[in-house]
Amino acid sequence: MLRCIQLAKNGLATTYPNPLVGSVVVHNNKIIGEGWHYKAGQPHAEVNAISSVANSALLSEATIYVNLEPCSHFGKTPPCADLIIDKGIKKVVIGTTDPNPKVAGKGIQKLMAVGCDVVVGVLEKQCEALNKRFFTFQQKKRPYIFLKWAKTTDGFIAPEVRDEQKPVWITSKLTRQQTHKLRAQEQAILVGTKTVLDDNPSLTTRDWYGATPIRLVLDRNLKVPADAAIFAGADTTYIFTEQAVEHAANCKIETINFRENIAQQICDVLYRDGIQSLIVEGGSRTLQTFIDAKLWDEAFVYTGSNNFKTGTVAPKLEGAIIAKNVINSDTLIHYKNTIA
């Protein structure tokens, strides 16, 4: 099962909206086939694992391992449970059941109905953690939310007075590269009006290989100019506003009520559109909105070696520390929300 998890991780950022799945076929305690799900619309992990077996005659005596329950319904590909049955595999070991209502135990039931020996719950917690985005989306009806910001040693995320530099960097180039890796793994990224006006960010993954996430901006009164970098390129940028009017090219207006729970309204829109993960990157007020609403799962807080003495104070966060790392002259503290 550990090998299934390892294989499944190869699909991070490419399988959306599907979960991360790896599969291993074992005969006489020897792996004879393995595979993972590469991309939505392409064959699932079980298909790739079974097709990699050189001697298909061994399948009737083999055990197939998979970190997530085999699907039982027709989507873009046929049901994996049917394939396992057709190939005569008699034992199936599953990490965790699938929370998707289209599956939700139906795949297990289909296998058991034809006499397969099905074992469920092997390394269950690790398998659930692997698909934290998919499970949160299915069970909580919202995306999995990462918070991310950088602050100075004295606790500011932006200076009171800035020169022509946009943005004002707090952390090292290596740290910024790591944050672009995070962007490449997630589906959407959000900033507030002030961040766009002050820094004019592009929110791309230019320092890491991978797709740029869907860009979102909170812009209550449409103060962000149409030529801002956040609108550059062919991809659609979401604008959350109170103004139900057209704005820039390549943008999608989402009208929300700024006097009510802003974070929840954003989550509702992203759930509607099938977006499973979100990075909230700034500024302080936008981040605090999600913190106060208890709508976050993990937070990456970077501390640089410089001081501003005055400026915009960093958000206030309480959470369990997962890890603490040093990146050149910067420190990263990784938090998990234990309340939500």
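- Naming follows an unreviewed UniProt entry, where the protein appears as Riboflavin biosynthesis protein RibD of Rasiella rasia.
- The UniProt entry for the protein carries the following text under Function (unreviewed entry): "Converts 2,5-diamino-6-(ribosylamino)-4(3h)-pyrimidinone 5'-phosphate into 5-amino-6-(ribosylamino)-2,4(1h,3h)-pyrimidinedione 5'-phosphate."

**Some thoughts on the nonpolar core**
Then, number 1: Counting 33 residues, the largest nonpolar core has L147, W149, F290 and L317 as the members making the most contacts within it.
Then, number 2: With 6 residues, helix α9 (residues 262-272) is the largest single contributor of residues to this core.
Then, number 3: Not counting residues up to four positions away in its chain, the partners in contact with F290 are I145, L147, L190, A263, I266, C267, L278, V280, L295 and W296.
Then, number 4: With 25 residues, the next largest nonpolar core counts I170, V191, I279 and I327 among its residues.

**Notes on the packing of aromatic side chains**
Then, number 1: Counting across every chain of the model gives 6 aromatic pairs.
Then, number 2: Aromatic side chains F137 and Y271 sit 4.7 Å apart centroid to centroid with 40° between the ring planes, which places their arrangement in the tilted category. Placement of F137 in helix α6 (residues 132-140) and of Y271 in helix α9 is noted, with a sequence separation of 134 residues between them.
Then, number 3: Among the aromatic side chains, those forming a connected cluster through ring pairs are Y144, F146 and F300.
Then, number 4: Over the ring of W169 we find R176; its NZ or CZ atom is 4.0 Å from the centre of that ring.

**Notes on the UniProt feature "active site" (unreviewed entry) in the protein**
Then, number 1: The sites that carry the UniProt feature "active site" (unreviewed entry) are, in the present numbering, E46.
Then, number 2: Relative to the elements of secondary structure, E46 occurs in helix α2 (residues 45-51).

**A short note on the UniProt feature "binding site: Zn(2+)" (unreviewed entry) in the protein**
Then, number 1: Feature annotation in UniProt assigns "binding site: Zn(2+)" (unreviewed entry) to the following positions: H44, C71 and C80. In summary, the annotated positions, though distributed over 37 residues, converge in three dimensions, the widest C-alpha pair being only 9.2 Å.
Then, number 2: Tracing the backbone shows H44 in the loop between β2 (30-36) and α2.
Then, number 3: Note that C80 resides in helix α3 (residues 80-86).

**Here's the deal with the sheet that holds strand β4 (residues 91-96)**
Then, number 1: An order of β2-β1-β3-β4-β5 is seen for the 5 strands of this open sheet, with the pairing classed as mixed. Looking along the sheet, the strands with just one partner apiece sit at the ends: β2 and β5 (117-120). Between one strand axis and the next, the sheet turns through 15° on average, direction left out of account.
Then, number 2: Seen against the sheet, helix α4 (residues 106-113) touches β4 and β5 and runs at an angle of roughly 150° to β5.

**Thoughts on α4**
Then, number 1: Looking only at α4, the buried set comprises G107, I108 and L111. For α4, the arc enclosing every buried residue in end-on projection is 100°, short of the 170-degree limit, so these residues lie on one face. Of the exposed residues in α4, the ones pointing more than 90 degrees away from its buried face are Q109 and A113.
Then, number 2: Note on α4: the residue one or two positions beyond its end, G115, has a positive phi of about 95°.

What counts, and at which threshold
Residues numbered from 1 in each chain as written. Predicted model: local features only at pLDDT ≥ 70, side-chain atom pairs only at ≥ 80, totals over all residues. Heavy atoms only, no water. UniProt positions renumbered as here; feature names shortened; annotations may be inferred. Core = buried A, V, L, I, M, F, W, Y, C linked by side-chain atoms within 4.5 Å. Buried < 20%, exposed > 50% of the residue type's maximum accessible area, 1.4 Å probe, protein only. Helix = DSSP H or I, 4+ residues; strand = E, 2+ residues; numbered from the N terminus. Contact = heavy atoms within 4.5 Å. Phe/Tyr/Trp six-rings, centres within 6.5 Å; stacked < 30°, edge-to-face > 60°. Lys NZ or Arg CZ within 6 Å of the ring centre and 35° of its normal. Pairing = 2+ DSSP bridges. Axes fitted to C-alpha atoms, helices over the stretch in contact; angles between N-to-C directions. Arc of directions from axis to C-beta.

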